[in-house]
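# Survey of secondary and tertiary structure
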Amino acid sequence: MTDETENTRPSAPPSGPGRARPVAGGLALLLSLVTLIGLGYVWYILSYETHIVGVDVAKRLKAQGAALTQLDTRIAALGQAQAANSRAVRDLAQREASLASTHHPGRHWQIHAAADLLLIANDQLRFEHDVPLSLLALHQAQRALRRQDDPRLIPVREAILREILRLKALRRQHTSTMALELVALAHSARTLPLAVPRFMRAPRKAAAPTKSLPFWRRAAFGIWRDFRRLIRIRKEPVHERALLSPKRAYFVRENLALRLYGAQLALLEHRPALVGANLAAADRWIHRYFDVKARASQAVLVKLAALEHQTSTLTWPDISQSLHLLRRLSRAAS
C-alpha cells in the first residue's frame, strides 16, 4: 500500500540549471548578431574610405601632372626667349664693333656733352641768374672742347672765352658800392628803435579849457571829455606788438643784421634772387619789430627799396653765341 502510493505520486519539476540553457543560447546568438553587424559596418567604412582616398590621390596626381606639363611648356618658351636674346646680344655686339671700327663715337659724345654744358650755362643765367654756376658750366665746356684738338672748334672756344669774360665783368658791376651800403645798413640795424606797444605809449594830453571861457562852456567841455572817456573805439590793422625783453631785443637786432650780411654775401656771389629774398625778409622784420615811424627806420627802408630795385634791374649779357656755333658745326659734321 505504501509502495503503490509512492509510485503513483507525480514527478518533481526539473532543477534550475536546466532552465538557464535556453536563455544563455539566446544571449550568445544576440551577441553573435551584434558582432556580425559591427564587423560589417567596419568593413563598409574601411572600403568606402579606401575608395575616397584612392579617388583623391588620383585627382591630385592628375593635377600635378598637368602642372608639370605647364612647367615644361614654360621652360621651353623661356629657353627659346633666352636663345633669341643671346642672338640679339651677339648682333648688337657685332654692330657696336663695326661702328667702333668705322666711326669715333667718343669725339661726338664729348661735343654733345659740351653742348649740354653750354645749354645749362644759358638756362642758369637766363632763368635763375646764377652767375657762378654759369661760369662753372662754361669752364667745363671749354675744357671738354680743348681736349678735341680740332681746329674747327677754335671759333667756339673763342666765343666761350668772351662769354666768360663778360660774366666776370658782370660780377664786378656795382657790387662794391652796394656791398658797402649793405654793411652800413647792418651796422645801423643795431641802433634802430624798437616798436613800443600801444598800451605803453604816453596818452595825449587834452587841452585844458582856459579860465577866460564862460562857466557854461567849461562845464560843457568837461561833460564831453568825460563822455569820450567812457566809450573808446580804435582800429587795429596789425597785431599788437609785445614788449620785448632786452635779451630778445638783442636777438631781433642781430637777426636783422644777419639778413643784411646774407644779402651782401649773395651780392658778392652775384645771386640776385638770393639778394632780393634777404632784402625782402629784412623789410618784413623791420615792419614787424621796429618803429617804422622813426626817421632812422624810414631811412633804412628807403635804402632797402633802392637796393632791391638796383638788384632787379641788373643787365644780363648774352652767352648763347658759343652754343649756336657748336650746334651749327655739329649739324655740318653730321
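These numbers come from a predicted model, not from an experiment.

## A closer look at the pattern of salt bridges
Pairing is possible between side chains of opposite charge, provided their charged atoms come close. Summed over all chains, the structure comprises two salt bridges. Across the pair Asp-150 and Arg-152 runs a salt bridge, and its minimum N-O distance is 3.2 Å. A relative accessible area of 10% places Asp-150 in the buried class. Glu-254 serves as the salt-bridge partner of Arg-190, at 3.1 Å between the closest nitrogen and oxygen. Of this pair, Arg-190 sits in the loop between α6 (175–188) and α7 (215–230) while Glu-254 sits in helix α8 (residues 246–268), and the two are 64 residues apart along the sequence. You can call Arg-190 partly exposed: its relative accessible area is 35%.

## Remarks on a nonpolar patch on the surface
A cluster of nonpolar side chains, contributed by Leu-29, Leu-33, Leu-36 and Leu-39, occupies part of the molecular surface with about 430 Å² of accessible area. On the secondary structure map, Leu-33 appears in helix α2 (residues 16–102). Accessibility expressed as a relative area gives 45% for Leu-33, which makes it partly exposed.

## Focus on the environment of Tyr-250
Looking at the secondary structure, you find Tyr-250 in helix α8. Among the residues examined, Tyr-250 registers a relative accessible area of 47% and is labelled partly exposed. Through-space distance from the C-alpha of Tyr-250 to that of Arg-190 is 8.2 Å; in sequence the pair is 60 residues apart.

## Digging into the confidence of the model for the protein
Scored by pLDDT, the protein has a mean of 77; 75% of the residues are at 70 or more. With pLDDT under 50 throughout, residues 1–8 is counted as low confidence; its partners more than four residues away or in other chains account for zero contacts. Residue range residues 199–203 is modelled with pLDDT below 50. Its contacts to residues more than four positions away, or to other chains, number three contacts.

## Observations concerning helix α9 (residues 272–289)
Helix length check: α9, at 18 residues, gives a terminal C-alpha distance of 26 Å against a target of 26 Å (1.5 Å per residue), a fit within 8%. Regarding α9, the residues found buried are Pro-272, Val-275, Gly-276, Asn-278, Leu-279, Ala-281, Ala-282, Ile-286 and Tyr-289.

## Description of the packing of aromatic side chains
This structure, assessed with the given rule, holds two aromatic pairs. Geometrically, the ring pair formed by Tyr-250 and Phe-251 is edge-to-face, given 5.4 Å between the ring centres and 70° between the ring planes. Classification of Phe-251 as partly exposed rests on a relative accessible area of 45%. Plain terms: the ring middles of Trp-285 and Tyr-289 are 4.9 Å apart, the flat faces sit at 50° to each other, and that makes the pair tilted. Residue Trp-285 and its partner Tyr-289 are located together in helix α9, separated by four residues, close to a single helical turn. The exposure class assigned to Trp-285 is partly exposed, which follows from its relative accessible area of 24%.

## Quick word on the packing of α9 against helix α10 (residues 295–312)
As a packed pair, α9 and α10 sit with axes 10 Å apart at the nearest point and diverge in direction by 160°. Between α9 and α10, the angle falls in the class roughly antiparallel. With respect to the hand of their crossing, α9 and α10 are arranged in left-handed fashion. Along the contact surface, α9 presents Pro-272, Val-275, Gly-276, Leu-279, Ala-282, Asp-283, Ile-286 and His-287, while α10 presents Val-300, Leu-301, Leu-304, Leu-307, Glu-308 and Thr-311. Broken down by class, the residue content of the contact of α9 with α10 amounts to nine nonpolar, three polar and two charged.

Rules used throughout
- Residues numbered from 1 in each chain as written.
- Predicted model: local features only at pLDDT ≥ 70, side-chain atom pairs only at ≥ 80, totals over all residues.
- Heavy atoms only, no water.
- Salt bridge = Lys/Arg side-chain N within 4 Å of Asp/Glu carboxyl O.
- Buried < 20%, exposed > 50% of the residue type's maximum accessible area, 1.4 Å probe, protein only.
- Helix = DSSP H or I, 4+ residues; strand = E, 2+ residues; numbered from the N terminus.
- Patch = residues over 30% accessible without salt bridge, like charges linked within 9 Å, V, L, I, M, F, W, Y side chains within 5 Å.
- Areas by Shrake-Rupley, 256 points an atom, 1.4 Å probe, with all protein chains shown as cover.
- pLDDT = per-residue confidence, 0-100.
- Contact = heavy atoms within 4.5 Å.
- Expected span 1.5 Å × (residues − 1).
- Phe/Tyr/Trp six-rings, centres within 6.5 Å; stacked < 30°, edge-to-face > 60°.
- Axes fitted to C-alpha atoms, helices over the stretch in contact; angles between N-to-C directions.
- Parallel < 35°, antiparallel > 145°, perpendicular 65-115°, else oblique.
- Left-handed = near helix turned anticlockwise from the far one by under 90°.
- Nonpolar A, V, L, I, M, F, W, Y, C, P; charged D, E, K, R; others polar.

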